[in-house]
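# Coordinate analysis (summary)
Below, each chain spelled out in residue letters.
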Amino acid sequence: MTNTNLRSIAEHFAFDASIVDITTLGQGFINDTYIVTTEKSRYILQRKNHHIFPDVPAMMDNIERVTTHLKAKVAAAGGDPIREVLTVVRTKEGELYHREGDNYWAASLYIEGSVTHDKADTPRLAYMGGRGIGKFQAMLADFTEPLAEVIKGFHNIRWRFEQWDKALAEDRAGRKASVAAEIEQIERRREQMLAFWEMVEQGVLPMRVTHNDTKLSNILFDEHDEVLCVIDLDTVMSSTSLNDFGDAIRSYTNRGAEDDTDLGRVSMDIETFRHYAEGYLEERGATMSASEREWLAFSALYITYEQVLRFLMDYIDGDSYYKIAYPTHNLVRARAQHKLLESMEEQYEAMREICRQ
Ligand SMILES: Nc1ncnc2c1ncn2[C@@H]1O[C@H](COP(=O)(O)OP(=O)(O)O)[C@@H](O)[C@H]1O
Ligand SMILES: [Mg+2]
């Protein structure tokens, strides 16, 4: 992207003063992010990945509705809606995005003095990560209108099994016979996982706003390392909010790597679980239903299981979805996530006990 092009794209947005400078904040995994400096303030400008998000207008509409709700909550509590909620900046024509060819662009206010952390490598950061997502969900617990499904079937295990059955039937890469033991690990838990999703379908677990990308770097902290707000709202959707907890636990608590070749290193650290759950429940406990609290710990098993299935399915499919660094990479990932799942199963009673407190 040349600077002239970027500038002409940025000119479409209703910034407060003329643009002085545009710098890259780095090519993210999903979006490209830039900082636009005007004579008065700074903004975030992002190219939204149209391949991952087929309907960017619906995505931006989700973000606008969710942030409007959050701003009202923060204002009512006497907080600062400009620093404690992401602010979408519209185009000069009043649109939530600017389209240029195949690309969609969106802008927001840059929250000055904010910090992010890459990895929860201390108890306090795990606790603060839990608080960040817990606070976000608590403020949205009464947001009941449905949001657009920007990624189809996300965390819907019934839909994943449809793809899974098809992948096994086709056996496109001819690898099925070589992973019989791994397939059995998936099949053995099929009914249990479907039973969890059925509670979502039947409303036993209520539909709420879920963030769907709960990594620590999507939480902005202030100079005292207190939570400011949750950002990267592209994936907000309606589902059970337990899955935000489960996905965070999957990544925060793993002692090994997602693709560890040494399974001896992979296990769930229950202390990290405790710290995250404490932070999360402090913020979110009061707005949870009894069934949500009952199934909170299980969501970690559910999300980890889904990841085992997805890695294994991609291996069977011939590696068409995830980027791989070597031919058995997806199989290695599936095995490492399965090891993590077993570790969670072994510690499930302790996890439930922590969630009850
Ligand atoms: N409004 C903002 N104010 C301050 N920093 C931001 C803002 N939005 C994004 N950032 C910074 O840019 C990084 C990437 O932005 P993010 O929206 O998370 O995109 P990605 O999809 O690449 O993760 C964040 O981790 C954060 O450090
Ligand atoms: Mg991010």
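Here the structure is a predicted model, which means the values were calculated and not measured.

## So, the side chain of Gln 337
- With respect to the helices and strands, the residue Gln 337 is situated in helix H11 (residues 329–346).
- Excluding residues within four positions of it along the chain, Gln 337 makes contact with Arg 250, Asn 254, Glu 258, Thr 304, Gln 307, Val 308 and Phe 311.

## As for the layout of surface pockets
- The volume enclosed by the second largest pocket comes to roughly 200 Å³.
- In terms of lining residues, the second largest pocket is bounded by 17 residues, among which Glu 149, Phe 154, Trp 197, Ser 238 and Ser 239 are the most central.
- Here the element with the most residues in the lining of the second largest pocket is strand S10 (residues 237–239); it accounts for three residues.
- Tallied by class, residues from the lining of the second largest pocket come to eight nonpolar, eight polar and one charged.

## Topic: helix H7 (residues 190–201)
- Between its first and last C-alpha, H7 extends 16 Å over twelve residues, near the 16 Å set by a 1.5 Å rise per residue.
- Within H7, burial applies to Arg 190, Met 193, Leu 194, Phe 196, Trp 197, Met 199 and Val 200.
- Against the buried residues of H7 lie helix H5 (157–170), helix H6 (180–188), S10, helix H8 (242–252) and helix H10 (290–317).
- At the C-terminal side of H7, Gly 203 shows a positive phi close to 80°.

## Examining the domain arrangement of the chain
- In terms of domain boundaries, the chain breaks down into domain 1 (3–109) and domain 2 (123–356).
- Contact with domain 1, which involves 20 residues of that partner, is made by 22 residues of domain 2.
- Summed over both sides, the interface of domain 1 with domain 2 buries roughly 1900 Å², with 64% coming from carbon and sulfur.
- The largest per-residue losses of area from domain 1 upon contact with domain 2 belong to Asn 62, Arg 65 and Val 66, which jointly make up 27% of the total buried on that side.
- Here domain 1 and domain 2 share three salt bridges between them.
- Where Asp 234 meets Lys 48, a salt bridge forms, and the shortest distance between an N and an O atom there is 2.9 Å.
- There are nine residue pairs in polar contact (both at pLDDT 80 or more) connecting domain 1 and domain 2.
- When residues of the side of domain 1 that touches domain 2 are traced back to their parent elements, those giving at least two are helix H2 (56–76) and helix H3 (81–84).
- Looking at the side of domain 1 that touches domain 2 element by element, the count peaks at eleven residues for H2.
- Its residues assigned to classes, the side of domain 1 that touches domain 2 comprises eleven nonpolar, four polar and five charged.

Reading the values: rules and limits
Starting from 1, residues in each chain are numbered consecutively following that chain's sequence as written. In the order they appear in the text, chains get letters beginning with A and ligands get numbers beginning with 1. A pLDDT threshold of at least 70 governs which residues receive local features in this predicted model, and a stricter bar of 80 or more applies before side-chain atom pairs are shown or counted, although totals over entire chains, interfaces and linings include all residues. Water and hydrogen atoms play no part in the side-chain values, which are based on all heavy atoms of the structure. Runs of E in the DSSP output that reach at least two residues are strands. Runs of H or I that reach at least four are helices, and both are numbered from the N terminus. By the convention used here, residues are in contact when the closest approach between their heavy atoms is within 4.5 Å. Put simply, the grid is 1 Å and covers the protein atoms alone, a cavity is a trapped set of points that fit a 1.4 Å probe, a pocket is an open set with protein on both sides within 12 Å along at least five of seven lines, and lining residues have an atom within 4 Å of a point. Grid points are joined across faces, edges and corners, and a volume is the space filled by probe spheres set on the points. When residues are sorted by character, Ala, Val, Leu, Ile, Met, Phe, Trp, Tyr, Cys and Pro go into the nonpolar class, Asp, Glu, Lys and Arg into the charged class, and all the rest, Gly among them, into the polar class. Each helix should span, by expectation, one fewer than its residue count multiplied by 1.5 Å. Whether a residue is buried, partly exposed or exposed follows from its accessible area with a 1.4 Å probe, protein chains only, as a fraction of its type maximum: under 20%, in between, or over 50%, in that order. An automatic or database domain assignment is the source of the domain bounds shown. Here's the idea: put two parts together, see how much 1.4 Å probe accessible area each one loses, and the total over both is what we call buried area. Any carboxyl oxygen of Asp or Glu that lies within 4 Å of a side-chain nitrogen of Lys or Arg is treated as forming a salt bridge with it. The definition of a polar contact used here is a pair of N or O atoms within 3.5 Å, where within protein one atom must be able to donate a hydrogen and the other to accept one, and adjacent residues in sequence count solely through side-chain atom pairs.

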